[in-house]
Amino acid sequence: MSTATVSRGIATGRPPAAAPIVVGAYTATTSVGVGIAALTEAMRNGRSGLSPCAFRPFPEAGCQRLDTAVGEIPGLDDVRLPSALASFDSRNNRLIERALPADGFAEQVARARARYGAQRIGTIIGTSTSGLLEAERAYFRRDPQGSLPVDFHYLDTLNLAGTANFVARRLELGGPAFCISTACSSGAKSFAAAARLIRLGLIDAAVVGGCDSLTLTTLHGFDSLQLLSRQPCRPFDAERDGISIGEGAGFALVERAAAAPEAGIGLSGWGESVDAHHMSSPHPDGLGAELAMREALDAAGVAADAVGYVNLHGTATRANDTAEGIAVARVFGNDCPTSSTKGIFGHLLGAAGAVEAIATMIALEQGFLPGTLNLTRQDPSCPNRVLAEPAELAVRHAMTNSFGFGGSNCSLLFERRA
Amino acid sequence: MIMPVVQLLGVGLWSDVAPDWPSARRQLRGLALPVATEPAPRPPAADILPPTERRRATTGTRLAIAVATEALTEAGLDGAVIPSVFTSSASNPQIIHELCDAMSSGDYAISPTRFHNSVHNSPAGYFSIGMGNRRASTSIGAGDESAAAGLLETAAQTLSLDEPVLFVSFDFGYPYPLLERRDVRGQWAVAMVLAPPGFAGPVVATLQLEWVAEPPAVATPFATPALAEASTHNPTGRLLPLLRALANDDTAPVSLRMPAGAICRSPPVAAMLHARRWRGRRPVEPSMRVDELLPHAGNSRLIRRIVSWDEHRIECEGVRRPTRTIRCAAMATWKPWRPSNTAPRRWPSTARWVRGRASQAGLSGLGPRSDPDARAPGRHRDAVAGECRMRADDGRARVLRVHGQQRLGADCQRPGQRQPARRTARVNRRRVAGRLWRLIGTALGFVGFGLLALGFGLLVVPVGILFVKPVGRRAAWLRRVAGASMRGFVGTLTTLGVIELRYEGTPPAIDRATLVIANHPTLIDALLLFGRLPQLNCIAKPSLRRNPALALAIHGLGYITHDGSTRSLVDAATAALEQGEALLVFPEGTRTAEGAAPMLQRTSAYLALHSDCGVAPVTIHVTEPLLTRESAWWRVPARRPIFTVRFHPPEHPGTEPHDGENTNSAAAGSISAGKRSFRRKSRCPTAH
């Protein structure tokens, strides 16, 4: 019997800033299907998961039918959570429950847990809705006095803690667990936050990602902003008329490079900024977006012309695509291939950054660049080179952009380590 | 795992019980008592926002911006270039409630503004817009552990960016019915500016964050209910143990519960604090409590509730005017200030108010049972002294005593007590007639005084301005005229039989700086004194200056006016005393509450101490309650009130022996109680 020394010593200086962060495993579930294989197939073939909106969370309420396309994941209502985690039951967490086992992600995390110890793996998840639909349903079930039903578990569903804690409990992780909620850039920011904690040595790995599910509030809220497209969204098209909301979840295991093989995908840089312009519309010249992209390049020490592909935020609103196109062209020039994958699974809001980061990683690993669905004629006001069709092209560095309400921007730069 | 240390450059705080970090720090040191108020105060307007946005700013936005600007100001950093981390359990529970309510009831028309304000990072967005800040900003949520998670993220950012990062945590109560399922109480917001080690700048403290798997050390619970509740029922309030350590320069580790996964429970946050002292104002004395600071609160029915208080001011809500706020000067610690426009002189660094109390001086054996006055017709007792002592740092001290009267309450009429003999109908008729007459006389007196003041202001003051040329003599001339008018007015009242008036003692010679202090039982006390001492200056309260009938007269007479703040009052009064004027002061600040012992404000003791002026005590005794604070003017007493104005010999510094008590006072303006040895017939022709 030996006495284990648990002290790890006092950190006297900062860990080397260039400690590479790698992505050990990832998975994504969207309206095109569960797992990476379905997403890859959809990206290669230009298959879309968007369909006319038939989302009716409580039909007896007589939900108004919205004239828009959504990326709804079928069968989520049939998912059952483990009984020990029953209080977390919400559409968002059911989506997580469906997404985590795909592609052997949960097993990969279990192996990492065995490698590092549960407390050395953090859980940082981006979400904007969390269990909002559960709250809407609870409000619908209020008793005559106006009280919420007792089976509505606020902290485990509506509160942001519900999402992070569910992932942590589901994967039995003991490190810091919290949610980042900066609207549509949440999922991307979770990568940056985890990488910082890993570089500081506080944790060795983290499960990051994002998860957002459909709610009435988001559908009707975007409708009130007149940002919902009547048909599947057409990013960067001259005729684009708004977003298509989808639901989805994407998770990745980011870890210190030393513990991972010299292969796979590395997170080489991240950049965050704020527009400081308006709560719900982007800066018209994309100043904040440009700052984020340049910061990511600087952090990684990668020149702009070394980046072979940019996965755009590309929501298909008039304002976003123009501003983003201008900003991307300013940073990467007019020839860098770019595309928006939102035509495939829609705008996943808080999960968009995570799922699109995974789409970018798929492109890096599989050596092809996804196209932009529904793009027939590029808007001349967007000077960047937007790929309409998938292109077989292996690139080394690829960036993904995510911009959200409150002017919150995040750009992640990934690298194929081969 | 221990993180590298980070430096704390500034703290901002706003809560229901503290409007800023210095106030909260005093509370956390146990020097001030956090008092919750009803209704809860509204967070300050987010004044960095353009007016249109400011108006619509949510509670979360207001909270976040208020504390962020305070912390940035203390750190001396520009809000336009600092990265930020905002954290909250839920940043807009009210909007979430409204949206859920609308969605569940089929009302799908959402306001676009409400929708974009519903996102968790909307306060962060408004902060960036208001500051024009394009740096990275993250918004975090982790339920009850939001603040700790945010602190961790902030430390990670500041270390990886190697520059200061702003941390803002805010949480406030949930609306019904959400609060049934999530009990968050109060409004709390805390901001901190963290910087990497070695950052050049004023450092408040150094923090070391550590993530450990052991259960957290249980923090000492907060004794104060407001803080105890916040530390358990408000996610931001959970930072209170850390804030307490900061406030007390405590270097023991503080544990904040972190968002827990399946296994890990807590990382303590060790606060290793530099010995550097906090900048900021001196705190009040540790021993002071609210009741000591504001004796009225305990003894008087006038104050219902204390709204807020700090070193210089107690704001309380009065009973008689529930909608208005009475500001009481409560000067626990005096900052040395100089009267404006006067040459600097040597002031003691601080003057501490030692004690103020009401006592039945010299009559300790006399309770209602044995007090012969208790059976006297007026049921008044001239036996109560109010006392106020103030001692300067240099050892000088002044004691002011004001003797008043205490009207004995109805409880003195005990069952066994003999009832007065039955009056004859004739006596009764005469009494009723007399009372009616005095009622009419009182009403005429009010009207007459108003006309007199107005006429004085409109006629006499212009005449004085036009014809009394040496400006220095103008006020003196006007005061002579006013004094004569008041003498005439009071004489008329006595002639009419409304009151009876006696003067006793020699009025003090007021040819040098003298503080004439008197108790203040009725509305007409000042008139009685001005009639005999026309050259007295006095302090006119702001409301009198706003009275159109009196404004001109007050201006012409050169009476001291102030803007309601204690400081302006003391400045003006000190200036007048330095010019050798005699100043009439009612140390109670207002009329004596009926039935209560006099409670002295500290201002007069402070004036006496710092001006080294003489003190001339005056006792005004009235046999019946007339024109008191509590009673309406038309409730005239059954008997004719007899006023006795007693002038006591003035005492000047250096001429009187020490006050025998525990202060080494250079002079004490004290009067002996209950002695009527020098009573003599007043020379006033109108007195009987």
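Above: the structure in question.
The structure reproduced in this document is the subject of the present report. (Residues numbered from 1 in each chain as written. Chains lettered and ligands numbered in written order. Predicted model: local features only at pLDDT ≥ 70, side-chain atom pairs only at ≥ 80, totals over all residues. Heavy atoms only, no water.)

## Details of the pairing of strand E1 (residues 6-15) of chain B
Residue and element names in this part refer to chain B.
- Burial runs high along E1: 10 of the 10 residues are buried.
- Examined bridge by bridge, E1 and strand E6 (residues 205-209) share three bridges and lie antiparallel to one another. Bridge pairing in E6 links glutamine 7 to threonine 206.
- Pairing of E1 with strand E5 (residues 187-195), which is carried by eight bridges, proceeds in the antiparallel orientation. If you follow leucine 13 over to E5, its bridge partner there is valine 190. (Buried < 20%, exposed > 50% of the residue type's maximum accessible area, 1.4 Å probe, protein only. Helix = DSSP H or I, 4+ residues; strand = E, 2+ residues; numbered from the N terminus. Pairing = 2+ DSSP bridges.)

## Some remarks on the pattern of salt bridges
Residues and elements named next belong to chain A.
- Scanning the entire structure with this criterion turns up 39 salt bridges over all chains.
- Measuring nitrogen to oxygen at the nearest pair gives 2.7 Å for the salt bridge that ties glutamate 392 to arginine 44. Residue glutamate 392 is found in the loop between strand E13 (385-386) and strand E14 (397-404), and its partner arginine 44 is found in helix H1 (residues 36-45); the two are separated by 348 residues along the sequence.
- With relative accessibility at 33%, the residue arginine 44 sits in the partly exposed group. (Salt bridge = Lys/Arg side-chain N within 4 Å of Asp/Glu carboxyl O.)

## What about unusual backbone geometry?
- Geometrically, the link from tyrosine 176 of chain B to proline 177 of chain B is a cis peptide bond, its omega value of 0° lying close to zero.
- Tracing the backbone through its elements, the reader meets proline 177 of chain B in the loop between strand E4 (165-172) and helix H8 (178-181).
- Although it is not a glycine, glutamate 172 of chain A adopts a positive phi angle of roughly 55°.
- With respect to the helices, strands and loops of the structure, glutamate 172 of chain A is situated in the loop between helix H5 (160-171) and strand E6 (177-180).
- Despite not being glycine, asparagine 374 of chain A shows a phi value in the positive range, around 65°.
- When you line up the elements, asparagine 374 of chain A lands in the loop between helix H11 (352-366) and E13.
- Its relative accessible area of 32% is what places asparagine 374 of chain A among the partly exposed residues.

## A word on the interface of chain B and chain A
- The partner chain A presents 76 residues to the 66 residues of chain B that form the contact.
- Viewed at the interface, chain A and chain B are joined by two salt bridges.
- Between arginine 196 of chain A and glutamate 153 of chain B there is a salt bridge; the shortest N-O distance is 2.5 Å.
- Our count for the contact surface shared by chain B and chain A stands at 22 residue pairs in polar contact (both at pLDDT 80 or more).
- Contributing elements (two or more residues each) for the side of chain B that touches chain A: helix H4 (93-104), helix H5 (112-117), helix H6 (122-131), strand E3 (137-141), helix H7 (146-161) and H8 of chain B.
- The pairing of E6 of chain A with E3 of chain B spans two bridges and is classified as antiparallel. Bridge assignment links isoleucine 180 of chain A to a residue of E3 of chain B, and that residue is isoleucine 140 of chain B. (Contact = heavy atoms within 4.5 Å. Polar contact = N/O pair within 3.5 Å; in protein donor to acceptor, adjacent residues only side chain to side chain.)

## Comments concerning the side chain of threonine 514 of chain B
- Tracing the backbone shows threonine 514 of chain B in strand E16 (residues 514-518).
- Excluding its chain neighbours within four sequence positions, the residues that come into contact with threonine 514 of chain B are Leu577, Glu581, Ala582, Leu583, Cys613, Gly614, Val615, Ala616 and His652 of chain B.

## Notes on the packing of aromatic side chains
- Under the counting rule described, the total for this entry stands at 11 aromatic pairs over all chains.
- With a centroid separation of 5.6 Å and an interplanar angle of 55°, the aromatic rings of phenylalanine 449 of chain B and phenylalanine 489 of chain B are classed as tilted. Of the two residues, phenylalanine 449 of chain B sits in helix H13 (residues 425-467) while phenylalanine 489 of chain B sits in helix H14 (residues 471-496), which places them 40 residues apart along the sequence.
- Relative accessible area serves as the criterion here: at 27%, phenylalanine 449 of chain B is assigned to the partly exposed category.
- By way of ring pairs, the aromatic residues Phe222 and Phe405 of chain A together with Phe115 of chain B are connected into one cluster.
- Sitting over the face of the ring of phenylalanine 368 of chain A, arginine 44 of chain A holds its NZ or CZ atom 4.2 Å from the ring centroid.
- Just above the ring of phenylalanine 222 of chain B sits the side chain of arginine 244 of chain B; from NZ or CZ to the centre is 4.1 Å. (Phe/Tyr/Trp six-rings, centres within 6.5 Å; stacked < 30°, edge-to-face > 60°. Lys NZ or Arg CZ within 6 Å of the ring centre and 35° of its normal.)

## A short note on helix H7 (residues 216-224) of chain A
Residue and element names in this part refer to chain A.
- Burial analysis of H7 places eight of its nine residues in the buried class, the great majority of the element.
- Within the span of H7, buried status applies to Leu216, Thr217, Thr218, Leu219, His220, Gly221, Phe222 and Ser224.
- Where H7 begins, the side chain of threonine 215 points an oxygen toward the backbone nitrogen of threonine 217, at a separation of 3.3 Å.
- Of the residues one or two after H7, glutamine 226 is the one with positive phi, at around 55°.

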